[in-house]
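# Notes for the structure review
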Amino acid sequence: MSRIRLILLDFDGTLVDTRRANARAYVETLREVGYAMTEEEYAARHFGVRCPEFLRSIGIDDPAEIDRLRRRKIELYPRYFDLVALNRPLWEFCQQFRKQGGRVWIVSTGSRANIDNAMRHLGIAGPQAVRRLETPDEDTSRKGERLPEENAVDGILSGADVARSKPAPDCFLEAMRREGCTPRETLIFEDSEIGLEAARRSGASYFVVKLDT
């Protein structure tokens, strides 16, 4: 049996409970353009789906409007960070794994800006010791801040980093490729059906995470 060298973590609903915060940010965003959706409807039917695909699924097809709403949701999301909670047992397990020489990546369908903003709020670091501006969406207020390596992940793949999102396994396979690991050397943590399907297709072993909400 191959030794596990790489852990891949889904972000929303696995490493971090963001369901209510995401739902409220989307509900407010859509309300501004006259589209009625409840938090319960979003959580039950759309949570974990990449933003452009979610918006197209409810009938918003114009690329410019999709981009505008995506950016607006990123802007509104931090208002609801009091509802965000870290899966601390999983996080602490991963930090122990890193201390023993393992590698840990976040692999998510979400926006990199959303992930970075939530991680800053929770006090957990990204993969660089010094934060740099990645995209125009990113909050620049803490650019250049030195982040603690002992409370970190080794890499982040977000929805924009691969052409095919989950349930395609591309994001997981790309993280493995970047780390030089095989599926037999990789362990995935996921919560959603589309994420679990992607994990199955990747060939790696996986754990199902269910957070109490």
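As a starting point, this report considers the structure included with it. (Residues numbered from 1 in each chain as written. Predicted model: local features only at pLDDT ≥ 70, side-chain atom pairs only at ≥ 80, totals over all residues. Heavy atoms only, no water.)

## Brief notes about the overall build of the protein
We apply this condition: Numbering goes from the N terminus for both helices and strands, where a helix is a DSSP run of H or I of at least four residues and a strand is a run of E of at least two. For each residue, the accessible area found with a 1.4 Å probe, counting protein chains only, is set against the maximum for its type, and the residue is called buried under 20%, exposed over 50%, and partly exposed in between. Only heavy atoms matter for contacts: two residues are in contact if any of them lie within 4.5 Å across the pair. Surface accessibility follows the Shrake-Rupley procedure with a 1.4 Å probe radius. Residue values consider only the protein chains on display as shielding.
Counting its secondary structure elements, the protein contains 8 helices and 7 strands. Here the protein holds 213 residues, and the buried ones make up 53% of them. Within the protein, residue pairs in contact and separated by at least 24 positions form 68% of the contacts whose partners lie at least 6 positions apart. Counting only carbon and sulfur atoms, one obtains 49% of the accessible surface of the protein, whose full area is about 10,400 Å².

## Brief notes about empty space enclosed by the protein
As a reminder of what qualifies: Think of a 1 Å grid over the protein atoms and nothing else: a 1.4 Å probe that fits but is trapped marks a cavity, an open set flanked by protein within 12 Å on at least five of seven lines marks a pocket, and residues with an atom within 4 Å of a point count as lining. Grid points are joined across faces, edges and corners, and a volume is the space filled by probe spheres set on the points.
This structure, assessed with the given rule, holds 1 cavity of 30 Å³ or more. Of the volumes computed, that of the largest cavity is approximately 30 Å³. What lines the largest cavity is simply Arg50, Ser108, Thr109, Ser158, Gly159, Val162, Ser165, Lys166 and Cys171.

## Considering the layout of surface pockets
For clarity, the threshold we go by: All residues other than Ala, Val, Leu, Ile, Met, Phe, Trp, Tyr, Cys, Pro, Asp, Glu, Lys and Arg, Gly among them, are scored as polar; the first ten of these are nonpolar and the last four charged.
Size it by volume and the largest pocket reaches roughly 630 Å³. As for the largest pocket, its lining consists of 37 residues, of which Arg50, Thr109, Gly110, Ser111 and Gly159 are closest to the centre. Taken together, the elements giving at least two residues each to the lining of the largest pocket come down to α1 (19–31), α3 (51–57), α4 (63–76) and α6 (112–122). With 4 residues, α3 is the single largest residue contributor to the lining of the largest pocket. Broken down by class, the residue content of the lining of the largest pocket amounts to 12 nonpolar, 11 polar and 14 charged. Considering only enclosed or pocket space, the second largest pocket measures out at about 270 Å³ in volume. Around the second largest pocket, the lining is made up of 17 residues, and of these Arg19, Phe47, Asp191, Ser192 and Lys210 lie nearest the centre. For the lining of the second largest pocket, the secondary structure elements donating two or more residues are α2 (39–45) and α8 (193–202). With 3 residues, the top contributor of residues to the lining of the second largest pocket is α2. Looking at the lining of the second largest pocket residue by residue, the classes come out as 7 nonpolar, 4 polar and 6 charged.

## As for the nonpolar core
To keep it simple, the criterion reads: Buried Ala, Val, Leu, Ile, Met, Phe, Trp, Tyr and Cys residues that are joined via side-chain atoms within 4.5 Å together make up what is termed a nonpolar core.
Core analysis: the largest hydrophobic core is formed by 28 residues, its most contacted members being Ile7, Leu9, Phe11, Leu15 and Met119. Looking at this core, the elements that each hand over two or more residues are β1 (6–9), α1, α5 (88–99), β4 (103–107), α6 and β6 (186–190). By size, the runner-up hydrophobic cluster in this structure holds 15 residues, among which are Trp105, Ala175, Cys181 and Ile188.

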